[in-house]
Structure formats: structure tokens, C-alpha cells
Amino acid sequence: MEDKEKKYLLLERQVASLIDGETNAIGIMANVAALLHHEMGWWWTGFYLVDGDELHLGPFQGPVACFTIKRGRGVCGTAWAEGRTVVVPDVELFPGHIACSDRSRSEIVVPMRDSGGNVFAVLDIDSRELATFDHIDARYLEAIVAQVAKAIKD
Ligand code: SME
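Since this is a predicted model, take the numbers as computed values, not measurements.

Draft legend 1. Structural detail: unusual backbone geometry. Despite not being glycine, Ala131 shows a phi value in the positive range, around 50 degrees. Relative to the helices and strands, Ala131 resides in the loop between β6 (119-127) and α4 (135-153).

Here it is as C-alpha cells:
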């Protein structure tokens, strides 16, 4: 097993105990962003929340970021519109990438769904290095996002 997988297995347990019994949605997203960001050493880690046909900035860790992203725009808007995790090894090669920070080089965005399957938020993570994220990150982050969604929406 890769070191990264071991870290994620631990993170999954940390997230579960962090949010156990909590119902405050903003607090849950804020603390999960803080946990992921500081354990993994990413550049930007946070949530964008669906509001009409836009994503609005939610709880995050890292430098200041764009407030609003239209559906279908950028990596976040694409992950939302297509309802799938988007892994971007080099942000300069992603058409329409929205550069909130010029230090960001690679990115992953994971949609967060309610129990009806509707995307109500996305988890967005940026790295200062190229090709930080792959199918392993996608798999574990999808599991973590599902835990968070259940805590917020159930
Ligand atoms: N790069 C994102 C915008 C959000 S920031 O990275 C925090 C995008 O293209 O959707």
C-alpha cells in the first residue's frame, strides 16, 4: 500500500471522529477543510456551495479565493455540471481553469451529493506542485466527501 493510502485511511477515521454527532454544516465543512489542509499540506482546501446556477465560496483554508463560479465554468463548475470528480494534473492545460492563485499548479474537485443524488457543493483542493492528485486521491476524497454530506444532509 502506498504511503498516501495509509494517510488517507487515517484521515477517513479522523474525519469520522471529528464530525461524529455534529450537525452544524458550516462548522463541519470548516473543520474538515482545516483537517485535510493541515494533514496533507495542500495549497488551498475548501468547499464551494451550490446556489442557483452558481457556486458560492464556502469554508476553506488557504489564500483568498474567488467568491462565485458559474455552473460549467472552471474546474469546480465542470465537476458540478458533469457530476463527477475532476483531476487536473496541470491547471494550465485545463481549458477555462479559474486561477484564484497563480501558485496553484494542479487541482482536484469532488462533487458532494445529498441523499437524492443532487450535487449541493464541491470540495476543491489545489496544490503548488504539478500532478499531485490521481485516482487514489479521487477514491479516498469521494469517501470523505460522502461522510461529510451524510453528516450535513441526514
Ligand atoms: N481553480 C478553480 C477555482 C477555485 S480556486 O482554485 C480556489 C476552478 O477552476 O474552478
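Draft legend 2. Up close: the packing of aromatic side chains. The full count for this structure, using the stated rule, is 4 aromatic pairs. Ring plane angle 20 degrees and centroid distance 5.1 Å describe the contact between Trp44 and Phe60, whose orientation is recorded as stacked. Residue Trp44 is located in strand β1 (residues 44-51), and its partner Phe60 is located in strand β2 (residues 54-61); the two are separated by 16 residues in the primary sequence. On the accessibility criterion, Phe60 (27% relative accessible area) is partly exposed. Through a chain of ring-to-ring contacts, the aromatic side chains of Trp44, Tyr48 and Phe60 assemble into a single cluster. It is Arg71 that lies over the ring of Trp80; its NZ or CZ is 5.0 Å from the centre.

Draft legend 3. Representation of the sheet that holds strand β3 (residues 68-70). Spatially, β3-β2-β1-β6-β5-β4 is the arrangement adopted by the 6 strands of the open sheet, whose pairing is antiparallel. Among the strands making up the open sheet, the edge pair consists of β3 and β4 (86-88). If you compare each strand with its neighbour and ignore which way they point, the axes differ by 25 degrees on average. Relative to β6, strand β5 (residues 106-113) runs antiparallel, the two being bridged by 8 bridges. Within β6, the position partnered with Ser106 by the bridge is Ser127. Contacts from helix α3 (residues 74-82) reach β1, β2, β3, β4, β5 and β6 within the one sheet, and its direction differs from that of β5 by about 35 degrees. Sitting on the sheet, α4 is in contact with β4, β5 and β6, with an inclination near 35 degrees to β5.

Draft legend 4. Here's a closer look at the pairing of β6. For β6, a buried count of 9 out of 9 residues is recorded, marking the element as mostly surrounded by other parts of the structure. Bridge count for β1 against β6 is 6 bridges, and the pairing is antiparallel. Among the inter-strand pairings, Trp44 is bridged to a residue of β6, identified as Asp126. Between β5 and β6, which pair antiparallel and follow one another directly, the connecting turn spans 5 residues, one of which, Gly117, has a positive phi of 90 degrees.

Rules and cut-offs
Residues numbered from 1 in each chain as written. Predicted model: local features only at pLDDT ≥ 70, side-chain atom pairs only at ≥ 80, totals over all residues. Heavy atoms only, no water. Helix = DSSP H or I, 4+ residues; strand = E, 2+ residues; numbered from the N terminus. Phe/Tyr/Trp six-rings, centres within 6.5 Å; stacked < 30°, edge-to-face > 60°. Buried < 20%, exposed > 50% of the residue type's maximum accessible area, 1.4 Å probe, protein only. Lys NZ or Arg CZ within 6 Å of the ring centre and 35° of its normal. Pairing = 2+ DSSP bridges. Axes fitted to C-alpha atoms, helices over the stretch in contact; angles between N-to-C directions. Contact = heavy atoms within 4.5 Å.

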